[in-house]
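# Observations on chain architecture
The primary structure of each chain is shown beneath.
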Amino acid sequence: MDQDEIIKQVVHVFNKLSTNQQQPISKETLLKFLDTQSNQEYDRGLFEQMYEKIVQKDSGQLTVQKFIRTLMEALKSLKNKISTIQTQISQKKKNLEDHKSTLHQLQSQEQFNQYKISRDSRIRVTIHDADIQFPGNSPIAVILGCENIRYSTKAARRENLVWEEKFEFDIQTGKEEIYIVILDKELADREEIGGQTKLNLKDFYDQKSHEITLELKDKYNVVRYSTIRARVQWIHSQTKYCKEVTQELQQNIKSLEDDVKEYKNYIHMLFLPFEENYSKSQGDHQELSDYSTNQHTPQNQLEHNPESQQWLKYGFILTLIYSFLVLFSSLFKTEFLDSIVIFQSLIYYLDNDKFSLQLHIKVITLMLAFSLIIDVFWLIIYTTPWTSNDVLFFQIEHGFQVYEVIMQYILFGIKITLIFIYGYIYYSESIIQNDPPQYSESQRQNKKLVDNSLQGDNENYQIQQ
């Protein structure tokens, strides 16, 4: 539904109040009408923000026409913001898939030395600009060094000390020091410096990019000669770094998706008095009511990484072996509980496009653990006569008992393995998955939403009576 049609429908609703929509109207009358059309109290915080905007812009006179114009400005601004955020989400999801693919490769390829540092560990230093306090006329350069490696920036004029040059050093132990020196030709001829400092690698162990300001002092570390602005990042484990970036991207995507839902919720609240008319158009009604119909949708579905999917395959194979062994074991011992576990497990593997909910894995694991308790009692009771050679029944029954005990020990091991597999999958997925968003209905948040949305375009819409 385009904007003109929306305006017509909103105008149609306001015709119930007055056919002259340019006539001044009291704030209380308009609020009472919106409450009636909404079948509940129209959000007061939202209304107050819109009313203040109308008063500031139109010298205090409130009319239906001005209210509709402000309403449509907010709608357009919100739609633009939603569109922008959705573009960002698409880009971040693409980056997330790329990082997941890279992470899968690194987990099998990256190698570490005896200091638990990647053999490809590197630190990158970007020199932005500098301020100097020592006299002179010669161009300025920055010298960087680590172990036997030494780099130098291009010489820059004192009036414009900007470099934006990047340098990289290989790191082997994590105890290396990177020294930075600033000087000019005049100082070099006198074998003097314009200040020096060192970078401590421990300050950059988090692998994040740090924007820092360095003070370069004299050789006695007393007098400040210069100040340098730089960016430093040390990647000592590509695998760990990739995991951290993946988690950060997932959090950013979730945050952006929450913003979209909040904006859609705001649209829903804006047009609550007019929803009956919007329902004539399924497409637009779906957009305006998206938050109300989906805000309670479970958000704890598993988001598998390649490692979890591999372990799920192992779990599926063990479940199949488990089912066949239970069938043979059940020839002489009714396994009601095992049958239930198998049935539940197979449903999990055969009927899930998104690998169901984490609750499903909890249920399977709990049932397996309970069956293990029963197995312990069964094995204690039935194994004792066999191991003590105190068999008081016929030889054929003794053979059946040996068969059952052996089968039960095998099943015992399979169940323990499955519990560890499911526990690992659940734990790994829980780390990278965020908690479901919590939505507040307080007027304070509504006020914040209105402030953000009403800062959009101020295009005026001419509403035909």
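Residues numbered from 1 in each chain as written. Predicted model: local features only at pLDDT ≥ 70, side-chain atom pairs only at ≥ 80, totals over all residues. Heavy atoms only, no water.

This next bit is on the overall build of the protein. Across its full length, the protein carries 14 helices and eight strands. Each of the 465 residues in the protein was classed as buried or not, and the buried ones make up 44%. For the protein, contacts bridging at least 24 residues in sequence account for 71% of all contacts bridging at least 6. In the structure as shown, the protein presents an accessible area of about 26,600 Å², 52% of it carried by carbon and sulfur atoms. (Helix = DSSP H or I, 4+ residues; strand = E, 2+ residues; numbered from the N terminus. Buried < 20%, exposed > 50% of the residue type's maximum accessible area, 1.4 Å probe, protein only. Contact = heavy atoms within 4.5 Å. Areas by Shrake-Rupley, 256 points an atom, 1.4 Å probe, with all protein chains shown as cover.)

One finds Phe14, Leu270 and Phe271 to be the most contacted residues of the largest nonpolar core, which totals 41 residues. For this core, the secondary-structure elements that each account for two or more residues are α1 (3–14), α2 (27–38), α3 (44–57), α4 (64–109) and α6 (238–270). Examining the composition of this core, we find that 12 residues originate from one element, α4, more than from any other. (Core = buried A, V, L, I, M, F, W, Y, C linked by side-chain atoms within 4.5 Å.)

Here we come to the confidence of the model for the protein. Confidence in the prediction of the protein, expressed as mean pLDDT, is 76, and 71% of residues score 70 or more. The weakest mean pLDDT in the protein belongs to helix α9 (residues 290–294) at 37; the strongest belongs to strand β4 (residues 162–170) at 95. Across residues 434–465, confidence stays below pLDDT 50; counting only partners more than four residues off in sequence or on other chains, it has 70 contacts. (pLDDT = per-residue confidence, 0-100.)

This part takes up unusual backbone geometry. Phi is positive for Glu164, close to 55°, though the residue is something other than glycine. With respect to the helices, strands and loops of the structure, Glu164 is situated in strand β4. Residue classification places Glu164 among the partly exposed residues on the basis of a relative accessible area of 47%. Here the phi dihedral of Asn221 falls at roughly 60°; this positive angle occurs in a residue that is not glycine. Residue placement: Asn221 occurs in the loop between β7 (210–217) and β8 (224–235).

As a further point, take the packing of α1 against α4. Where α1 contacts α4, the axes come no closer than 11 Å and their chain directions differ by 145°. Handedness of the α1/α4 crossing: right-handed. Residues Gln3, Ile6, Ile7, Val10, Val11 and Phe14 of α1 pack against Val64, Phe67, Ile68, Leu71, Met72, Leu75, Lys76 and Lys79 of α4. Its residues assigned to classes, the contact of α1 with α4 shows 11 nonpolar, one polar and two charged. (Axes fitted to C-alpha atoms, helices over the stretch in contact; angles between N-to-C directions. Left-handed = near helix turned anticlockwise from the far one by under 90°. Nonpolar A, V, L, I, M, F, W, Y, C, P; charged D, E, K, R; others polar.)

Taken from the UniProt record, the annotation "transmembrane region" (unreviewed entry) applies to residues 311–332, 363–386 and 406–427. Secondary structure content for residues 406–427 is 100% helix and 0% strand, and the end C-alpha separation is 32 Å. (UniProt positions renumbered as here; feature names shortened; annotations may be inferred.)

This part takes up the packing of aromatic side chains. Scanning all chains against the criterion turns up nine aromatic pairs. Seen in terms of ring centroids, Phe47 and Phe67 are 6.1 Å apart; in terms of plane orientation they differ by 35°. Their pairing is tilted. Pair noted here: Phe47 is in helix α3 and Phe67 is in helix α4, with a separation of 20 residues, a long-range link. This pair shows no difference in class: Phe47 is buried, exactly as Phe67 is. Among the aromatic residues, ring-to-ring pairing joins Phe14, Phe33, Phe47, Tyr51, Phe67, Phe271 and Phe274 into one connected group. The side chain of Lys27 reaches across the aromatic face of Tyr51, ending 4.7 Å from its centre. (Phe/Tyr/Trp six-rings, centres within 6.5 Å; stacked < 30°, edge-to-face > 60°. Lys NZ or Arg CZ within 6 Å of the ring centre and 35° of its normal.)

Two side chains with opposite charge may pair up if their charged atoms get near one another. All chains considered together, the criterion is met by 14 salt bridges. For Asp98, the salt bridge is made with Lys94, and the minimal N-O distance between the two is 3.7 Å. Of this pair, Asp98 and Lys94 are both found in helix α4, four residues apart, which corresponds to roughly one turn of the helix. Close ionic contact of Glu177 with Lys198 constitutes a salt bridge, the shortest N to O distance being 3.2 Å. Taken as a pair, Glu177 in strand β5 (residues 177–184) and Lys198 in strand β6 (residues 196–200) lie far apart in primary sequence, 21 residues in all. Here Glu177 falls in the partly exposed class, since its relative accessible area comes to 44%. In this structure Lys198 comes out as exposed when scored by relative accessible area, which is 54%. Within this structure, Arg122, Arg124, Glu168 and Asp170 form a network of salt bridges that share partners. (Salt bridge = Lys/Arg side-chain N within 4 Å of Asp/Glu carboxyl O.)

Turning to a nonpolar patch on the surface, a few remarks are in order. On the surface, Trp311, Tyr314, Ile317, Ile321 and Tyr424 cluster together into a nonpolar patch covering about 450 Å² of accessible area. Looking at the nonpolar patch, the element that brings in the most residues is helix α10 (residues 306–329), giving four residues. Along the polypeptide, Ile317 turns up in helix α10. (Patch = residues over 30% accessible without salt bridge, like charges linked within 9 Å, V, L, I, M, F, W, Y side chains within 5 Å.)

Attention now goes to the packing of α4 against α6. Between two packed helices, both the angle of their axes relative to each other and the distance between the axes serve to describe the pair. The interhelical angle for the contact between α4 and α6, taken along N-to-C directions, is 160°, at an axis separation of 8 Å. With respect to α6, the axis of α4 lies roughly antiparallel. Considering the relative orientation of α4 and α6, their crossing is left-handed. For the contact of α4 with α6, the per-class residue count stands at 20 nonpolar, 11 polar and eight charged. (Parallel < 35°, antiparallel > 145°, perpendicular 65-115°, else oblique.)

Let us now look at α3. Working note: α-helix, 3.6 residues per turn, so residues spaced by three or four point in the same direction. Its 14 residues place the ends of α3 20 Å apart at the C-alpha level, agreeing with the 20 Å of an ideal helix rising 1.5 Å per residue. Looking only at α3, the buried set comprises Gly45, Leu46, Phe47, Gln49, Met50 and Ile54. (Expected span 1.5 Å × (residues − 1).)

Across its 12 residues, α2 extends 17 Å between first and last C-alpha, which sits within 8% of the 16 Å expected from 1.5 Å per residue. Those residues of α2 that sit buried are Leu30, Leu31, Phe33, Leu34, Asp35, Gln37 and Ser38. On the buried face of α2, the contacting elements are α1, α3 and α4. Trailing α2 by a residue or two, Asn39 shows a phi angle of about 60°, which is positive.

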